[in-house]
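# Examining the three-dimensional arrangement
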Amino acid sequence: MEDWVAELQRGRSDAAWDLFLGRYRRLIFAAIRHYAQDYDDVMDVFARACEALRADELRRLRSWVDQPDHRARFSTWLVTVVRHLTVDWFRHRDGRRRLSVAAEGLPPLRRRIFECVFLDQRSHIEAYELIHAAEAPTLTFREFLSELRATYHAVSGGRRGQVLRDLAPTADAPDDLPDPTGPSTTAAAEQSQLMERALSVLPPDDRLIVELYVLEELPAETVAQVLGLANAKAVYNRAYRALAAVREQLERAGVRREDL
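In this report, we go over the structure that sits alongside the text. (Residues numbered from 1 in each chain as written. Predicted model: local features only at pLDDT ≥ 70, side-chain atom pairs only at ≥ 80, totals over all residues. Heavy atoms only, no water.)

### Digging into the packing of aromatic side chains
To keep things clear, this is the line we draw: Between 30 and 60 degrees the pair is tilted, below 30 it is stacked and above 60 it is edge-to-face, where a pair is any two Phe, Tyr or Trp rings, Trp via its six-membered ring, whose centres lie within 6.5 Å. Helix and strand definitions follow DSSP, with helices as H or I runs of at least four residues and strands as E runs of at least two, each counted in order from the N terminus. We call a residue buried when its accessible area falls under 20% of the maximum for its residue type, exposed when it is over 50%, and partly exposed in between, using a 1.4 Å probe and counting protein chains only.
Counted under the stated rule, the structure contains 12 aromatic pairs. Here the aromatic rings of tryptophan 4 and phenylalanine 74 are separated by 4.9 Å at their centres, their planes lie at 50°, and the arrangement is tilted. Residue tryptophan 4 is located in helix α1 (residues 3-9), and its partner phenylalanine 74 is located in helix α4 (residues 74-99); the two are separated by 70 residues in the primary sequence. Each ring, one from phenylalanine 20 and one from phenylalanine 74, has its centre 6.0 Å from the other, and the planes form 80°; the classification is edge-to-face. Taken as a pair, phenylalanine 20 in helix α2 (residues 13-33) and phenylalanine 74 in helix α4 lie far apart in primary sequence, 54 residues in all. Judged by relative accessible area, phenylalanine 74 falls into the buried class, the value being 4%. Members of the aromatic cluster, each reached through a chain of ring pairs, are Trp4, Trp17, Phe20, Tyr24, Trp64, Phe74 and Trp77.

Right, here's the structure in full:
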């Protein structure tokens, strides 16, 4: 049992908070920096995250502690909570007007797709049906997919782009969408499903290690510290094993090693 949990269960919220923050400060910052680059933004979001986590006698933290069965480590749960808080902060600060600035330079059709998907929170199918029925009756779904991919690529660069991607009501990344210029949209969709299934074999902790160490490029020593691992070598070992597991899963699905 972590020391902050013990203090929380004794009813000593202030002591629990101090211990919790000392233990997980780095992880909270790492989760925030997934979206924010500007120093002031990072610090503002950090303050908001701390305020939310500390509210109501640490209600959010208690909700995890009180769960009878923890399917993931606390660090995995915390990253998810902080990221939701971060996206909510950007949505509240920027609002529709400032977020729409990202689409000002887009052609009319892509700007309309941006409004439907990112601002109105419509699914890809809903966006197509709306645009097709009201504004572009000759637009085919294949053509729509091409414009949708181009829209994602246009607005999803950099840290602000990551926020916009998470504001979209779908988990599809632009490169996961079927390629309408390819020989088969069905084949592309199947490849996306293969990759998702390959990643799903990883336990939540290993996925978090890959994310922090490989994608976020945090030093292995930092990842080890925030996740409670023994040392940097433990991070290396688990990251390499996780990537090997993904590779093996893809090979079993028929993806050749030279194509990985």
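### Describing the pattern of salt bridges
Spelled out, the test is: Note on definitions: salt bridges are taken to be side-chain nitrogens of Lys or Arg within 4 Å of carboxyl oxygens of Asp or Glu.
Throughout the structure, instances matching the rule amount to 8 salt bridges. Between arginine 59 and aspartate 56 there is a salt bridge whose closest N-O contact spans 3.4 Å. On the criterion of helical spacing, the pair formed by arginine 59 and aspartate 56 is a turn pair, its members being 3 residues apart in helix α3 (residues 39-65). Take arginine 59: its relative accessible area is 44%, and that puts it in the partly exposed class. Linking arginine 238 and aspartate 206 is a salt bridge whose minimum nitrogen-to-oxygen distance equals 2.8 Å. In this pair, arginine 238 sits in helix α12 (residues 232-252) while aspartate 206 sits in helix α10 (residues 204-215), placing the two residues 32 residues apart along the sequence. Several salt bridges converge on common partners, so that one network encompasses Glu7, Arg10 and Arg12.

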